[in-house]
Structures are given as structure tokens and as C-alpha cells.
Amino acid sequence: MSSSATEFRRAAIPSSRIARLKDAVQQAAPAVCPERALLWTEYFANRANRAKPRAIQAAEALALVLARKRVRIHPDELVVGNFSSKRVGGAIYPELHGVAMLREIATFPHRRVNPLAVARDEIAALQRIVPFWAPRMLGFRVYRSPWSKATFLREQLAPRHYILNELAGIAHIVPDYANLIAIGTSGIAKEARAVQRRHGTASEEWAFLEGVGIVADALARFGERYADAAERLAARESDPARRAELALVAATCRRVPRFGARSFAEAVQSITFAQIAVNLESLDNGISPGRLDQLLLPYYLRDCARGVLDRESAKEWLAAFSIKLCEVVPVFSDTATRMHGGLMSGQAVTIGGTDRAGRDATNELTYIILEIADELRMRQPNFHARLHAGAPHPYVERVAEVLCGGANAPALYNDAVIVPALRANGYTADDAQDYAVCGCVEPVAPGRTFGSTDASLFNLPIVLELALNEGRRFGTRRRSGARTPHPSRLRTMDDVRAAFETQLSFQVERLVRDLQAVERAHRKFHPTPLTSMLLAGCVERGTCSTAGGAVYNGSGVQGVGASDTGDSLYAIARAVFAEQRIELPALVDQLKRDLPDADLGAYLRGLDKFGNDQPEADAWTAYVVEVFTRTLGAHANTRGGPYTTGLYSMTTHQYFGSRTGASANGRRRGAPFASGIAPADGMDRAGPTALFNSVNRIDFESVRNGANLNARFDPHALRGRTGRAAFAALLGAYFRRGGMQLQTNVLDAGVLREARAHPEQHPHLLVRISGYCAYFGDLTPEMQDEIIRRTEHGVGGGMGASSGTGPA
Amino acid sequence: MGEVIPAVVDVQRFSLHDGPGIRTTIFFKGCLLRCAWCHNPEAIRREPEMAFHPDRCAGEQRCAAACPRGAILSGPEQRIDFTSCDACGRCADACHHDALRLIGRRYAVGALVSEIVKDRDYFEESGGGVTLSGGEPTLHAAYLGALLPRLAAEHIHVVLQTCGLFGWDQTVSLLPWIDLVQFDLKHMDSAAHARLTGAGNERILENFARLAESGVAVEPRMPVIPGLNDDPENVRATARFLARHGHRTLRCLPYHDFGEAKLSRLAPILAPLGRPRLDPAALAPFTHRFGKEGIDVVVCD
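Residues numbered from 1 in each chain as written. Chains lettered and ligands numbered in written order. Predicted model: local features only at pLDDT ≥ 70, side-chain atom pairs only at ≥ 80, totals over all residues.

Further remarks concern the overall build of chain A. On a plain count of helices and strands, chain A comes out with 34 helices and 15 strands. Here the C-alpha radius of gyration of chain A, 27 Å, is about what a compact globule of 808 residues would show, namely 28 Å. Viewed in the frame of its principal axes, chain A has a C-alpha envelope of about 80 × 70 × 50 Å. Long-range pairs, those at least 24 residues apart, make up 78% of the contacts in chain A between residues at least 6 apart in sequence. (Helix = DSSP H or I, 4+ residues; strand = E, 2+ residues; numbered from the N terminus. Rg over C-alpha atoms; globule rule 2.2 N^0.38 Å. Contact = placed C-beta atoms within 7 Å.)

This part is about the sheet that holds strand E10 (residues 555-560) of chain A. Residue and element names in this part refer to chain A. Across the sheet, which stays open at both edges, the four strands sit in the order E3-E9-E10-E11 with mixed pairing between neighbours. Here the strands that pair on one side only, and so sit at the sheet edges, are strand E3 (162-164) and strand E11 (643-646). The mean angle between the axes of side-by-side strands here comes to 25°, regardless of whether they run parallel or antiparallel. Bridge count for E3 against strand E9 (residues 456-459) is three bridges, and the pairing is antiparallel. Considered in E9, the bridge of Tyr162 is made with Phe458. Those strands touched by helix H22 (residues 493-525) are E3, E9, E10 and E11, and its axis lies near 5° from that of E3. (Pairing = 2+ DSSP bridges. Axes fitted to C-alpha atoms, helices over the stretch in contact; angles between N-to-C directions.)

Further remarks concern unusual backbone geometry. In this structure, Pro381(A) follows Gln380(A) across a cis peptide bond, with omega equal to -10°. In this structure, Pro381(A) sits in the loop between helix H17 (364-376) and strand E5 (382-387). In this model, Gly134(B) is joined to Gly135(B) through a cis peptide bond whose omega is 15°. Inspection of the secondary structure puts Gly135(B) in the loop between strand E6 (129-133) and helix H5 (141-153). Even without being a glycine, Arg377(A) presents a positive backbone phi close to 45°. Among the residues examined, Arg377(A) registers 13 C-beta atoms within 10 Å and is labelled partly exposed. Within the chain, Gln61(B) stands out as a residue other than glycine whose phi angle is a positive 65°. (Buried ≥ 20, exposed ≤ 12 C-beta atoms within 10 Å, placed from the backbone.)

So, about the domain arrangement of chain A. All names here are of chain A. The domain boundaries assigned to chain A delineate domain 1 (3-28 + 171-444), domain 2 (31-66 + 87-155) and domain 3 (456-707). Inter-centroid distance (C-alpha atoms) of domain 1 to domain 2 is 28 Å. Contact residues are listed per partner, giving 30 residues for domain 1 and 27 residues for domain 2. Elements with a contribution of two residues or more to the side of domain 1 that touches domain 2: helix H1 (16-27), helix H10 (204-236), helix H12 (264-281) and helix H16 (334-340). (Domains from an automatic or database assignment.)

Residues and elements named next belong to chain A. Looking at chain A, the pLDDT average stands at 91 and 93% of residues meet or exceed 70. In the model, residues 1-13 has pLDDT below 50 throughout and makes 15 contacts with residues more than four positions away in sequence or in other chains. Taken as a whole, residues 794-808 scores under 50 in pLDDT and shows 41 contacts with residues more than four places along the chain or in a different chain. (pLDDT = per-residue confidence, 0-100.)

Time to look at the nonpolar core. Residues and elements named next belong to chain A. Within the largest apolar cluster, 329 residues are counted, with the highest numbers of intra-cluster contacts made by Leu62, Val215, Leu219, Ala277, Ile369 and Met533. No other element matches the 14 residues that H10 contributes to this core. For Ala277, the residues in contact, after removing those within four places along its chain, are Leu66, Leu219, Phe222 and Leu530. (Core = buried A, V, L, I, M, F, W, Y, C linked by C-beta atoms within 7 Å.)

Residue and element names in this part refer to chain B. Read across the sheet, nine strands follow the order E5-E1-E2-E6-E7-E8-E9-E10-E11 without closing on themselves; strand pairing throughout is mixed. The sheet is open, and its two borders are formed by strand E5 (105-106) and strand E11 (296-299), each paired with just one other strand. Bridging between strand E1 (residues 7-15) and strand E2 (residues 23-28) involves five bridges; their strand directions are antiparallel. The partner of Val11 across the bridge, within E2, is Ile26.

As a further point, take the packing of H22(A) against helix H28 (residues 615-633) of chain A. Residues and elements named next belong to chain A. Interaxial distance between H22 and H28 falls to 10 Å at its minimum, and their mutual angle equals 40°. The orientation of H22 relative to H28 falls into the category oblique. Note on packing geometry: the crossing formed by H22 with H28 is right-handed. For the pair formed by H22 and H28, the contact residues are Glu501, Leu504, Ser505 and Val508 on the first element and Val627, Phe628, Thr631 and Leu632 on the second. Here the contact of H22 with H28 is built from residues that sort into five nonpolar, two polar and one charged. (Parallel < 35°, antiparallel > 145°, perpendicular 65-115°, else oblique. Left-handed = near helix turned anticlockwise from the far one by under 90°. Nonpolar A, V, L, I, M, F, W, Y, C, P; charged D, E, K, R; others polar.)

The next point concerns helix H15 (residues 311-324) of chain A. Each α-helix turn comprises 3.6 residues. Residues three or four places apart therefore point the same way. Residue and element names in this part refer to chain A. Over its 14 residues, H15 runs 20 Å from end to end, which matches the ideal 20 Å to within 8%, given 1.5 Å per residue. Taking burial as the measure, the 14 residues of H15 include 11 buried ones, the bulk of the element. Listed in full, the buried residues belonging to H15 are Ala314, Lys315, Glu316, Trp317, Leu318, Ala319, Ala320, Phe321, Ser322, Ile323 and Lys324. The inward-facing, buried residues of H15 contact H1, H12, helix H14 (297-306) and H17. (Expected span 1.5 Å × (residues − 1).)

Residues and elements named next belong to chain B. Burial of strand E10 (residues 249-254) is extensive: five of the six residues sit out of reach of the surface. Summarising the sheet, strand E9 (residues 218-224) and E10 pair through four bridges and their orientation is parallel. Looking at the pairing, Val224 lines up with Pro254 of E10. A crossover connection joins E9 to the parallel E10 through helix H9 (residues 232-244); in handedness this β-α-β unit is right-handed. Alignment of E10 against E11, held across four bridges, turns out to be parallel. Opposite Arg251, over in E11, you have Val298 as the bridge partner. (Right-handed = clockwise from strand over helix to strand, strands pointing away.)

This part takes up the environment of Asn234(B). Residue and element names in this part refer to chain B. Checked against the element boundaries, Asn234 lands in helix H9. Classification of Asn234 as buried rests on a count of 20 C-beta atoms within 10 Å. Taking the C-alpha atoms as reference points, Asn234 and Leu73, 161 residues apart in sequence, are found 45 Å from one another.

Residues with a pLDDT of 70 or more make up 99% of chain B, whose mean pLDDT is 94. Reported confidences for the modelled complex are a pTM of 0.92 and an ipTM of 0.93.

Take the domain arrangement of chain B next. Residues and elements named next belong to chain B. Domain boundaries assigned for chain B yield domain 1 (7-46 + 105-299) and domain 2 (49-103). The gap between the C-alpha centroids of domain 1 and domain 2 is 31 Å. Tallying the contact residues gives six residues for domain 1 and six residues for domain 2. Considered class by class, the residues forming the side of domain 1 that touches domain 2 number three nonpolar, no polar and three charged.

Residues and elements named next belong to chain A. Where helix H3 (residues 54-68) meets H10, the axes come as close as 8 Å, and the angle between the chain directions of the two elements is 5°. Classed by the angle they form, the pair H3 and H10 counts as roughly parallel. Residues Ala55, Ile56, Ala58, Ala59, Glu60, Leu62, Ala63, Leu66 and Ala67 of H3 pack against Ala207, Phe208, Glu210, Gly211, Ile214, Val215, Ala218, Leu219, Arg221 and Phe222 of H10. For the contact of H3 with H10, a count of residues per class yields 15 nonpolar, one polar and three charged.

Moving on, we come to the environment of Phe450(A). Residues and elements named next belong to chain A. Along the polypeptide, Phe450 turns up in the loop between strand E8 (442-444) and E9. Residues Phe450 and Gly81, 369 residues apart in the sequence, show an inter-C-alpha distance of 25 Å. If sequence neighbours within four positions are ignored, Phe450 has contacts with Ile173, Leu535, Ser545, Ala550 and Asn553.

What follows is the structure, encoded as C-alpha cells:
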């Protein structure tokens, strides 16, 4: 390892080029870009195209977009390629779910949450395509019978039981960028042609491979358009330095992505073009570059050895690439915004970990990317750091340093749990050890998995609501679940569990039926030749990824509200059966009426909750996860892969909460559920070690689609050498005890101010001062201000004083 | 039983500033001193007691209905008639807003050990353990005599935080089970010590000396209260005392007033000190004076 790795430059100021690029992107108002939607419409509205095989239609439509979309090279850029016609923009995919977005498009510029700029003529143009797509959008094509269609659409317009993200597209892959940069699109097209010769021209395989050839060439031409643009700009450029840069850009784009990359710069540029094109193919969500520190390392080392690259310029290239990933935003309707929050496109970059043989693979690029994550602190990409038993000490220490400094990224992943989880999912040892994170938290094999990791989000607490009410939601007479006994006939906790499991099976079967119908619709109507050519297996088999061509083919279903469900079951066990404080029918009556008895509500809220290291309470949440995983595991998707459990919720814990009645853990009707696998909101009061012990009662090896635990820390606690050491130890023990993943959130002064204003929402905030015993919420406002002041000074290294404990 | 099992204010896990590593700090109730700057006044009395947080009170009066002794007042600032309250805690159970709290929970030795070993992996990974704090833990020597061997059997590192005012004979038998004693020196002049803490310092200084001889690791600490114990004379006396007993380092705890908010919630026990908190940056001259006497100051906060 070079000496630069040992000297960590956390506060290094990014190069002025990077600072300018970052400013330009951060200052741009996110906007809707109509190009993709209009060009797609132009292609499909043309009757001449309608008789062609779907794979060729899909390929030609994408080729049209790549050929005609506006090409922009911004000032200062070395890495070029614009996702959209806006500096920061998002596309609409009318053939999938985009039509539903278009219903609301006129409100986008003015809405309160995530406003998106869109010009009046753009609105008009987009509204004109609605009549064409409305009957053709995916949601309409899932079921053929009008009755099924109507039922399905009614539920999915405002879903209560589960959300089918797949209706908006599958996406969510880590493309095989290693192969792309090695052999270029021409290499892939050549392979496709070779396989194509084995199939008849009327076959599905032939058409699919023809589509691959079309998109491979279209992607190459897309790069060449930037070569042309850079040459034109260079000719007009007066600054000789910039002129030289533009000449370099032109030369690079002339070469890639059509051919294999010969340099680090060409490799990064090739990936950038592919990243843009894949985002434009089906859905701009979860397209994850993957293990950049692994796939770029040979190019980095070769260029450094040749003397054409140094650490700083490599860092600049990668920083520019990172900033570019912020130029794309998902366009969400209001409903989708409520489910998915923020402007998360889920482009995940993974660092660290092992190679395919299980040897440590940390390298100089790992550290460079870690520095970029810390210094840029931008919305995208999502940075993820793998940790394993053989991870080098400086790497772990540096990760701890970045996180304790308040970066909130990277998120951390435990190889010791994830590799066996993937093995259990049928991955080879090599592929499991090579995993990268896709989207939010989902582990996949780069370039091999078509995992639909965000297929669906499933409302767990509503299953208990159905179980307590004979299969009906509170306040409705229509039965939306299975018929289970009236609460008066649920005489033991086993009866309650049996009813819960019956309802769960019923809902999971409904979900699977819908998902399989959506999968078939994707396969039939929306093949993805570009995605497929970047996934091993598809070209070899002549089979599209939507039809199961990739090596691994799971689907991820996220259980939302697991701890609310577990806490509610525990509350029933305590209140009804152990303490006999209330009979079950009376409790159900209270829940139906939103807990009018305030004493009962306070009692229920006061019972032990998941997250405080109370084994009895925690066991119920572990049970919910276990039974959900078991129920889901009984089914396979139409691509031949398993349905796997994920435990993360985006912002659907709020959305589902708003659509679910009161629950026995004391949660009122409409109130949010807990996020991911976190304890129900504000219910973790015993600190991070207790929280981790609770969370580790879940068998994460069975949570194969990944979990998200977001732990909050008071920055005061984590500052200095002592704080970092404590954090590293905390993490070490948590992972040793079977923790899967951890995202830290070092609270900033803003959060503390918020806690000051709403102490009841932040009972977990601890104050850690030597020998002093208090929670933040118990301090007077004036003292809280003092803590906030300390926080502001503490972060960023203002106070370097030892915190007074011995060496940890 | 009440005599044998002490009340505990809190078992605070993930404590990072009470000894090395990640620790679980046990705040025992009961203290013989009445330090004017006390920051855990709820730990002074030995017995459980009620506290009232007026800012949380919604005025629903559930407490009044729940109290069997009629000890609930209707005033806005104080809800509890401490003369008749016996800290049964029923008002706290009745309150939906956590405005009334019972301070002091009794853990049988086994229950406390179970609570402590929950974080054993974190102790091991960080070099941490348990810190006995308070209040004054040595008041509960018999209990500790039962607790500490159990912790030793679990290989858990133990720090004792003490004000130094304890009977040597009762405490000496605990020393083999303790890995580190954090010992507070508040003032070298006994009269001043009595004025500030309610007791002279003779026994404290004697215990410090005997501890030094006993071979147990001791970390001297000093709460720095501006104008009360940071004068050059006391600094010199403290430094010389430390040097005489072979110490080169002193851990200083700069005064903060975070304890004062607690006072009004409790039955009257101390008057607020009414001094501004000490900015650690203002400790430089103090640190310098110790330095001149050959003592390194480590500032804790």
C-alpha cells in the first residue's frame, strides 16, 4: 500500500474543478426532462414499428432516444454525458408507470415536497401523449380480464397491503461494467452475433440478440456524439488548456464505449455512458455502478505505472463521476413521493470487501472513493463499505473516522452474514464473495444478478389487523383477507399466531399472484436488451433478463413495519393473555375506535418494545421476520428465482402507517410505522448497544434481500480518538454478533434543535457527559442550547481535547 | 431487603466518558457529601424518591387520583407534597406524559449482573466494562461485596468512582475486585472542603493515601469549580499532595450546571450554585499552574 494511504486527508479541499462542478449541480433546480417520453412515443406511435418483435422495438426505441436526445458538455467537464436535457433532471417512462405521473405533472413545479421544474410547453407536450399510453401502460396490461384489471388497478392506485414497485419497472442491477470496459459494445455485439447464428430468424432468441446488437451499436454511437460535440467545442474554445481537455474528451469518446478502455479515463467514461443509457432503458432506479474500486483498479495501476495518471487526478475523475450521478433524479408522483421520499435514484457504489476467492481486496481506490464520499457529501451515489474479518485496520479506522466526522456515508455491510445469505440463495462461493450493494441495501452479484430487489414493499401490521378482525380491515365490511376466527374465539396466543399466519399466507399469495402477472407483462411487453447485455447469461442463452436470462433471478419483497407488528403481538400476549388486563374482543374494539381509552393507550405504549434489549419483546419481532421469510420462501418467481425478504422501507413506513388502523403497541390510526428494522419510532431508549443486541435477535442470514438499520449518534459521543475507538468497537461487536448492515446518522445541531422543539419525538437522545446522567429531553431549553453549541463546535474537529478516558 | 439492595438511579449503557472503552455506568443512590455543584442531585438520598417535570405535565390530574396518600399538590411548579410522599410510584404509573418519575430502582445482584453482561461483547471489543458511580457506591459495600465477585467471574473490568469518603475497613475488602478507582479531590483545605461539600477532607485524604499504598490503580480527578477550588493555593496543595503519592496526572472535570435543572424537580436538597459553566478553554491558566508543579492535567467533558 502506498504511503498516501496511511495519511488520511479528510478535510482536503476538492480541486477547484470539482468544487465548481459540485456547485453547478447543487444549484440546479431538479427538472422534468420530456425527451425520453416524447421520443419513446414517437417510436411507438409510428405504425411501421408495430409489427416488429418486442425486443427489437425496445432496442430501436432506446436507440432513437440515444441518437436524438440532446448532447451537452458542461464547462469544466472531463467526464461527459448528460442524463437528461436538464443539468439535473429526470425522465418519464410512459409505457410503465409514467402515465400515472403525468396526471399530476402540472402540479410538479409548485408542490411542497420535491418540486420539479417543468415548462408550460413541456407540460402540454407531455399531456398530449397520455391518450396514447393510458391503455398501453404496464398496469393495464398485467391482467387481461376487465374485472381483474379493475381490482388490481384500484388497489395499486392507493395500495394498503403491498406496493408493486415492479409496475414502474424492474431495473435494480449492478451491470457488468467490468466486461463493458474490457471488450466494449463491439465485443458484446460480436458475442451476440455469434450466438444469434445458432437461432432461427423467427425465434425469440434471434430477435432478442438482434435487439442487443441494436442497443450495443446505439450506445457506441451515443459516445461518438460526444466526440463530435467536444470537437466542435474545441474548435471554438479560446482557452488553450480547455481546448486540450476537450480534445482529450473527444479522443476518449471516439474510443469508448464502442471499444475496450485502454486507460483509467476511458474506463470511467465508458461506464458513464452506459450508466446513462441503462437509466433511460426501463426505470431510473437502483442502477448501481457496483465495485468501482475493484473494476477500475487494473486501469489505475497500469496508468500510474505508465506515469500518465496520479492519485490526485484519479480522484478528480472519480469525483466528477460521482457528481454526475447527482444529475439524474427520479420523477415521482405525489403518491410515489410519499412512498419513496427524497430524490433517491439508488445508484450504489460499493468499496472494500474481498475478491472472488475471499482475499481482502481493499486498495488505493477504496481509500480514494472513501475520501470522495466524505468530501462531497452529496445525494448520490449511495456509498457502501464492505467489512470482513480480514479487513485491514487502516481501512476500518478510516471508515470510522469518516462516519464519526458526521458524513453519514458509507453504509456498512457485514460480509460474514451477507456471503452466507447469498450462498443460501444459491450463489456460488465466488459470486457471493464478489457481492456489491444494489439500490438501497440489497446484496447482488455484479453483472450476474437480475434481482428485482425492489419488487415490492409489504405492509406487515395490516396483516395483524386482518387477523384480529376476521379478515377485514378495521372500519370496513368487505373482507380483504382470509376468513379467520372472531377475536372472541382466539383464546390463546397460539390462536392469534395461527390467525396471523393464515392472513399472512393469504396476502403473500395475493402478492405473488400479482407479482408474477407483472413479471409476465414485463417479459412480454418490456424486454430490456441493454440491461441484458450487461448481465452475464443473457447473451449466452439468447434470453432477455426479463425472461430469466441472467445467472441469478430473485425478487426482493420488503417487510415494512416488522417491529410494530412484533410489538403489537407482544402487547397482546402481555395485556390479554399474561396479565389479563383486557379481553381480546375489547382490545380489538378499542383498536377499531383508535384507542379512545387513554389509560389503555398509555399502558400499551408503556409496554416493552423492540430495540431495548428485552428478549421477550424482541422475540416477537424476530418471529414476524421469520414467519414472513418462511411464507415468502414458499414461492418462486417466473424467472426461476426465489422471493427473498428485505427489511427496509424507504418512506413507506409512513405511507403504510397512514393507511393502517391503530395497533396493539399503542400506535394510533394513521401514525407511521418504524423505518426499516429500527424500533418503533422513539422506542429505543437504552442506547446503541441495547439496540444492536435487539436487532441481532433477527436471523439476518435469512434476510437475503438486505436490511437497513439507521442508528443515530450524538456527535459529542463520537468525537476525538476515544469516540472513534468506541465506534469501531461498537461496530466490531455488532457485526461479530451477526449484524448485517449499519447506516449511521451522526446528529447535527439541526436535529438537536428539532429535538429541543419536540422532545417527545426524540426520547432516545442521550447526553454523554462524564459521570452525568440525563437524556437530552430532560435538559432545560437553555442547557439544550449549550449541548447544541457544543455539537456545532465538536463536529469538524473544533475541539480536539481528549475526552478524558484512557486509551480504548 | 431495602437495607441490603441499594436503589439505583439508572443503569446507563454505552457510557464513553467514565473510564476506558464502552461502559455500563451504575448510578447508585446515596451520598454523604452535599457538594454545592452536585450534578446528580437525584442520587444524593439513599431511598427512592419522586421527581416532577412541570414542563411535561399536561394537567390531567391522573396522579391525584392514583396517589393513596393524598400527596399530590395542584400547584403548577410542584406537584408532590414531599412531606407525605412515600415514593410508591403509583402517580408515575398513572401519568401518561412521563411528568412524574420514580427515581431509584432496586436490582437484586443477579438482575444487575444480567443487565451488565448484556454488553459484554462491547466491553471486550473496546476494553470497557462497568463503572460504579452515583451517588457514592461505597455506601453499599455489602451489596458490592456480593456483586463484584460475580463481575470478576464474568471477567468484567470494574471502575469505581468515589468521593473518597468511606470507611476503610468496609471498603478494603472490595479492592481486589476493582480494576481502577477514579477518586475525586475537591479541596485540599479541610475547612473549605467542609464549606463546599458538607464534610471535612481528613478521611478522604487518608483514604487516598491508603489506596495508593494498597496497589489498586487510582486516577485522581478534580471537579474544577471557578472561584471555589481553582485558586493557585489549592492548585499547589493539590499538586503536592498528588506528587507525594506518586501521581503525575490529574483528570479535571470542568464545572457545568447541567445538574441544576434537576434540583427543582426533587424534594429540596441543595440550593442552585448559580454560577456559569466553565468553558474548558478557560482552563489554560489552571492547567499551566499544575504543569509548573509537575502535574499533567487531562480535561474531561
